[in-house]
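# Coordinates in review
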Amino acid sequence: MKVAYSRVSSHKGQETGMETQIDILEKFGVDKMFVETGSGTTTKGRDKLKECLDFVREGDELVITRIDRLARSVLDLQTIVKQLNEKGVTLTATEQPIDTKTASGKCFLDMLSVFSEFETNLRRERQLEGIKNAKEKGVYKGRKQNIDVEQIKKLKEEGYGATQIARELNIHRDSVYRLLKKGGEK
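Residues numbered from 1 in each chain as written. Predicted model: local features only at pLDDT ≥ 70, side-chain atom pairs only at ≥ 80, totals over all residues. Heavy atoms only, no water.

## A few points about the pairing of strand E4 (residues 90-93)
Going by this rule: Relative accessibility decides the category of a residue: with a 1.4 Å probe and only protein chains considered, values under 20% of the type maximum give buried, values over 50% give exposed, and everything between is partly exposed. To qualify as a helix, a DSSP run of H or I must reach at least 4 residues; to qualify as a strand, a run of E must reach at least 2; elements of each kind are numbered from the N terminus. Two strands are counted as paired when DSSP detects at least two bridges linking them. Here a crossover is taken to be right-handed if, once the strands point away from the viewer, the path from the first strand over the helix to the second is traced clockwise.
A two-sided burial pattern is seen for E4, the buried positions comprising Thr90 and Thr92 on one face and Leu91 and Ala93 on the other. Pairing between strand E3 (residues 61-64) and E4: four bridges, direction parallel. Looking at the pairing, leucine 62 lines up with leucine 91 of E4. Handedness of the crossover is the feature at issue here: the chain leaves E3, passes through helix H3 (residues 74-87), returns alongside E4, and the resulting connection is right-handed. Pairing geometry for E4 and strand E5 (residues 98-99), over two bridges, is antiparallel. Of the residues in E5, the one forming a bridge with threonine 92 is aspartate 99. The turn joining E4 and E5, which pair antiparallel and follow one another in sequence, is formed by four residues.

Listed below in structure tokens is the structure:
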């Protein structure tokens with residue numbers, strides 16, 4: 001059975017990318033498709049990927065359009081490929097010469113995974129550099145605070161604990177601790 005996995009990031013404007021992937025995978029003749037929206041920088045929180053990997057059986061072929069749709073880190077990709085190998089499932093990419101049935105396909109898969117992770121790391125470095133430069137110019141000040149610190153203090157004075165304050169204000173308890181500490185309270 002040919003089983004497909006398709007993913008686009010959660011950024012606006014990615015809908016056409018998903019449609020393109022689905023069209024390509026359908027033309028490739030897949031029998032079942034798992035479609036997901038979210039970041040590929042980690043496998044955490046990617047329920048459709050987990051569902052797909054649980055679904056495939058010995059003799060199946062997992063089909064993707066490109067390797068970066070499956071994983072963006074070498075470790076995640078190697079973990080997925082190991083899982084597939086243990087189940088007797090091969091991996092094929094429609095837009096790249098990847099086919100784990102062949103030695104050259106396996107080699108190309110390993111090379112692409114290294115470059116994919118490298119690209120992710122470069123993008124992260126550029127983003128951090130851009131934020132640093134914007135902060136130095138006074139353009140970037142971070143996200144505006146949307147937590148009422150005075151309300152936290154008031155609830156604390158009324159005897160509320162951090163967990164109760166967090167529930168009351170629908171915020172994370174760590175935020176309560178951080179803001180109380182910042183204000184000189186414990």
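## Some thoughts on the sheet that holds strand E2 (residues 32-37)
Spatially, the five strands line up as an open sheet ordered E2-E1-E3-E4-E5, and their pairing is mixed. The outermost strands of the open sheet, each flanked by one partner alone, are E2 and E5. In this structure, strand E1 (residues 2-8) lies alongside E2, joined through six bridges in parallel fashion. From the neighbouring strand, valine 8 faces E2, where its bridge partner is threonine 37.

## Notes on helix H2 (residues 47-55)
In plain terms, the rule: In this context, the arc is that of the directions from the helix axis out to the C-beta atoms. Contacts are assigned to residue pairs that have any heavy atoms within 4.5 Å of one another.
Buried within H2 we find Leu49, Cys52 and Leu53. Angularly, the buried residues of H2 cover 95° about the axis, an arc narrow enough to put them on a single face. In H2, the exposed positions that point more than 90 degrees away from the buried face belong to Asp47 and Lys50. In this fold, the buried residues of H2 make contact with E1, E2, E3 and H3.

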